[in-house]
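Notes for the structure review
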Amino acid sequence: MAVARTPRPADPDGDFSELIEIALDVVGSLQPREVIARILERGLHALHADRATLSSLVDKHVVIEATYGRAGALTWVGQRYSLDYFAGQPLVKKAIETLKPTFGGRLAIDQAAPEFRQALADVQHVAVLPLVHGGKAIGMLVLSRYQDRPFTGHEVQALTLLGAISGLALRNARLYEEGEAARKRADETAARLKAAVDAAEDVAGQVHLDQVLGRLLRRAVESVGADGGSVARLDGSTMVLESTTSGEGVGTRWALMPKVLADAKKGKAVQLSASEYTGAPEGLETIVQPFRRFLVAPLAIGGETIGLLALGRHLDEPFDPVAVQSLQQLSTLGALLLRNARLMAQTQDAERAKSEFMSIAVHELRAPLTVTGGYLEMALEGGFGELPKGLTEILSIALRKTAEAKTLADELLTVARLEGRVLTARSESFSLSDALHEAVARARPRAELVKGTIRFEAGTDLRVLADRSMVGKIVDNLLNNALAYSEHPPAVSIEVRREADQVAVSVNDNGIGVSALDQGRIFARFARGTDRRVLEKPGTGLGLYLSRGLAEQMGGSLMLAASQPGEGSTFVLRLPAG
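Rules behind the numbers
Residues numbered from 1 in each chain as written. Predicted model: local features only at pLDDT ≥ 70, side-chain atom pairs only at ≥ 80, totals over all residues. Heavy atoms only, no water. Helix = DSSP H or I, 4+ residues; strand = E, 2+ residues; numbered from the N terminus. Contact = heavy atoms within 4.5 Å. Areas by Shrake-Rupley, 256 points an atom, 1.4 Å probe, with all protein chains shown as cover. Buried < 20%, exposed > 50% of the residue type's maximum accessible area, 1.4 Å probe, protein only. Pairing = 2+ DSSP bridges. pLDDT = per-residue confidence, 0-100. Axes fitted to C-alpha atoms, helices over the stretch in contact; angles between N-to-C directions. Left-handed = near helix turned anticlockwise from the far one by under 90°. Nonpolar A, V, L, I, M, F, W, Y, C, P; charged D, E, K, R; others polar. Phe/Tyr/Trp six-rings, centres within 6.5 Å; stacked < 30°, edge-to-face > 60°. Core = buried A, V, L, I, M, F, W, Y, C linked by side-chain atoms within 4.5 Å. Expected span 1.5 Å × (residues − 1). Arc of directions from axis to C-beta. Parallel < 35°, antiparallel > 145°, perpendicular 65-115°, else oblique. Salt bridge = Lys/Arg side-chain N within 4 Å of Asp/Glu carboxyl O.

Secondary structure summary: the protein chain contains 15 helices and 19 strands in total. Summarising the internal contacts of the protein chain: among those between residues at least 6 apart in sequence, 59% fall at separations of at least 24. As displayed, the protein chain offers around 30,300 Å² of accessible surface, 54% of which is attributable to carbon and sulfur atoms.

Below, the structure is given as structure tokens:
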């Protein structure tokens, strides 16, 4: 005798009792994953299903969160689909549109994504519960049965209640998660702002400009997790490096990328990848190349951008927006401190320059003028009689000392005119090769005196748009330095090349070189190298200062491109091509 199996009769009171237990269970946690797991597990058993799948509805997309089967395996999925994907599944579409449970037979397997077709092949009946909150669907729960036992009408109330419970629990968990995330972000922001204030206090504790620059750069690098960087002074469309983490390039001037300049003028930070940062000027590659991601933040105060913080990472990883925001706080405070430090430094420099000027003027001018005046006075008073035999030698000494005094006076006058902005450079097109040949000719007697050599092969005749007299003074100074500061017969070479819209003149020597300590200061006014061999030579420390100033007056530049103690130096003069 055969006995037919019939489905277990539904027990409404039992279903509602279990649903009440589900409600108490799912609201007992505010962790989204734990809430989802409880909804799936308890809902599956309460509705006597074989599998339960929960999805979230976010911005017209369905995110399949997790699926749970009777075997107890909970699988987190995380796949995302457009709501349009469910246009071919009428049950799902109807549930979302009506906000009411729908149930029926199989889902349309041929309309399903390939990854779901095998799982759907065993499904005989489904029920789709929209998870509703605030009058809209925030998710859906799909219950599947593998046996031919349809969901019936008397289960609608249970399904509706389960959907309402699940929607409320999931919404509460999501709000809690969002609140925790917001609190965490607020804590992080507060911590970063405090770090910015602490950093500003640290920078404010410094007195000298170089100390302020160094501390500001170090704190900025730390605040955003960078690997290196630089602080630069903004001067028109160019920047002048004031401090770098590597120590390279301090004091050099570079053109800014148009995008960086435009955002800096607006007070906005800009991020760039290595592929976006293209066309680094020659000489800046060694500073730029180690980094794959850049962040440039303006140092602005009172609506004026006075400088730039350029930070880099070795890996192409974007800077965290919260870190960038805290950097902007540091930048605002740092700009104020930096401006104050610069003003203080300028005041100190002015006072120091006045004192040094008077000291040098008195010391350097006094000796030649005293000698000249003394010999002339003796000659006029007849101290040598009537043109004694040694008069020619004495007058030669007087003439030489007078010439020395005149040279120094000329330099000091040029400094005053340059700093007073009354020195105007002529702009004329001329052959640079001719000007360099003339400079070599002027320097050759001195080279022969110290048994040195000067090599210059003109090659292509390049023309420049500059002041010929100023160019001559700059090259004269570079050649004189190359011949003077050497412990063995000096060998000097001059090379000329075209660089885009500029012409570069490189003066190379094999002299004593410039120490790392002095490289950042040799272009300063009255600055001389600290090497004993430099200090033993007579000099005012004005040559390179004046040469750079003259180069910039002509729209060019002068920089120390390379130097190694004991191995010589290379200075590069760049002028506009004519």
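Now that the structure has been shown, the text picks up again.
A separate point is the environment of Ala 112. Looking at the element boundaries, Ala 112 is found in the loop between β4 (102-104) and α4 (114-120). Residues within four places of Ala 112 in sequence aside, it is in contact with Tyr 85, Gln 89, Arg 117 and Leu 120.

What follows deals with the pairing of strand β15 (residues 463-466). Side chains of β15 alternate between two faces, with Val 464 and Ala 466 buried and Arg 463 and Leu 465 left unburied. In the sheet, strand β13 (residues 428-431) pairs with β15 via four bridges, with the strands oriented antiparallel. Within β15, the position partnered with Phe 430 by the bridge is Val 464.

The predicted model of the protein chain averages 78 in pLDDT, with 80% of residues at 70 or higher. Segment residues 1-14: pLDDT under 50, and three contacts once partners within four positions in sequence are set aside and those in other chains are kept.

Another aspect to go through is the packing of helix α11 (residues 432-449) against helix α12 (residues 468-484). Contact geometry of α11 with α12 gives a least axis separation of 9 Å together with a crossing angle of 35 degrees. Where α11 crosses over α12, the handedness of that crossing is right-handed. Each of Leu 432, Asp 434, Ala 435, Leu 436, Glu 438, Ala 439, Val 440, Arg 442, Ala 443, Arg 446 and Ala 447 in α11 lies in contact with α12, whose residues at this interface are Arg 468, Val 471, Gly 472, Val 475, Asp 476, Leu 479, Asn 480, Leu 483 and Ala 484. Counted by class, the contact of α11 with α12 contains twelve nonpolar, two polar and six charged residues.

Inspection of the entire model under this criterion finds two aromatic pairs. A centroid spacing of 6.3 Å and a plane angle of 80 degrees characterise the contact between Phe 291 and Phe 294, whose relative ring orientation is edge-to-face. Like Phe 294, Phe 291 is buried. Ring geometry for Phe 523 and Phe 571: centres 6.2 Å apart, planes at 75 degrees, overall edge-to-face.

A separate point is the sheet that holds strand β12 (residues 304-313). Taking strand neighbours across the sheet as the criterion, the six strands line up as β9-β8-β7-β12-β11-β10 in an open arrangement whose pairing is antiparallel. Two strands close off the open sheet at either side, each with one partner strand: β9 (253-255) and β10 (270-273). Each strand axis lies, on average, 30 degrees off the axis of its neighbour in the sheet, ignoring direction. Across three bridges, strand β8 (residues 238-244) lies against β9 in antiparallel orientation. Each bridged residue has a counterpart across the sheet, and for Thr 238 the counterpart in β9 is Ala 255. Helix-sheet contacts for helix α7 (residues 258-265) involve β7 (228-235), β10, β11 (293-301) and β12, and the interaxial angle to β10 is about 165 degrees.

For the rest of this paragraph, the subject is the sheet that holds strand β6 (residues 136-145). With antiparallel pairing, six strands are arranged side by side in an open sheet as β3-β2-β1-β6-β5-β4. Looking at which strands have only one partner, the edges of the open sheet turn out to be β3 (74-82) and β4. Between one strand axis and the next, the sheet turns through 15 degrees on average, direction left out of account. Two strands pair when backbone bridges link them, and strand β1 (residues 51-58) and β6 are joined in this way by six bridges, in the antiparallel orientation. Counted as the bridge partner of Leu 54 is Leu 141 from β6. Where helix α2 (residues 32-46) meets the sheet, it contacts β1, β2 (61-69), β3 and β6, and its direction lies at approximately 55 degrees from that of β2.

To continue, consider the nonpolar core. Counting residues in hydrophobic clusters, the biggest one holds 47 residues, and the most contacted among them are Leu 432, Ile 454, Val 471, Ile 474, Leu 479, Leu 573 and Leu 575. Element by element, the count of residues in this core is highest for α12, at eight residues. For Ile 454, the residues in contact, after removing those within four places along its chain, are Val 440, Ala 443, Arg 444, Ala 447, Leu 479, Leu 483 and Val 492.

On to α2, then. Residues separated by three or four positions in an α-helix point in the same direction, a consequence of the helix having 3.6 residues per turn. Helix length check: α2 (15 residues) gives 21 Å between terminal C-alpha atoms against 21 Å at 1.5 Å per residue, within 8%. His 48 sits one or two positions beyond α2 and adopts a positive phi of about 55 degrees.

Attention now goes to the side chain of Arg 574. Considering the arrangement of structural elements, one finds Arg 574 in strand β19 (residues 568-576). Of the residues examined, Arg 574 reaches a relative accessible area of 8% and is grouped as buried.

The terminal C-alpha atoms of helix α6 (residues 209-224), which comprises 16 residues, lie 23 Å apart, in line with the 22 Å expected from a rise of 1.5 Å per residue. For α6, the full list of buried residues reads Val 212, Leu 213, Leu 216, Leu 217, Ala 220, Val 221 and Val 224. Taken end-on, α6 shows its buried residues confined to a sector of 155 degrees, consistent with a single buried face. Trailing α6 by a residue or two, Gly 225 shows a phi angle of about 70 degrees, which is positive.

Let's shift gears to unusual backbone geometry. Positive phi, close to 60 degrees, is recorded for Leu 99, a residue that is not glycine. At Ala 500, a position not held by glycine, the phi torsion is positive, near 55 degrees.

It is worth spelling out the pairing of β12 at this point. The buried fraction of β12 is high, at eight of ten residues. The sheet contact formed by β7 and β12 spans six bridges and is antiparallel. Bridge pairing in β12 links Ala 232 to Leu 308. Two strands pair when backbone bridges link them, and β11 and β12 are joined in this way by nine bridges, in the antiparallel orientation. Considered in β12, the bridge of Leu 299 is made with Gly 307. Linking β11 to β12, which pair antiparallel, is a turn of two residues; within it Gly 302 sits at a positive phi near 60 degrees.

Glancing now at the packing of α12 against helix α15 (residues 543-553). The interhelical angle for the contact between α12 and α15, taken along N-to-C directions, is 150 degrees, at an axis separation of 9 Å. Between α12 and α15, the angle is such that the two are roughly antiparallel. Remark: the crossing between α12 and α15 carries left-handed chirality. Only Gly 543, Leu 544, Ser 547, Leu 550 and Ala 551 of α15 make contact with α12, whose side of the interface consists of Met 470, Lys 473, Ile 474, Asn 477, Leu 478 and Asn 481.

Using the criterion set out here, one finds twelve salt bridges in the structure. Between Glu 242 and Arg 233 there is a salt bridge; the shortest N-O distance is 3.9 Å. Its salt-bridge partner being Asp 518, residue Arg 521 comes within 3.5 Å of it at the nearest N-O pair. Assessed through its relative accessible area of 32%, Arg 521 is described here as partly exposed. Exposure remark for Asp 518: the relative accessible area of 3% places this residue in the buried category. Residues participating in the shared-partner salt-bridge network are Asp 235, Arg 253 and Glu 552.

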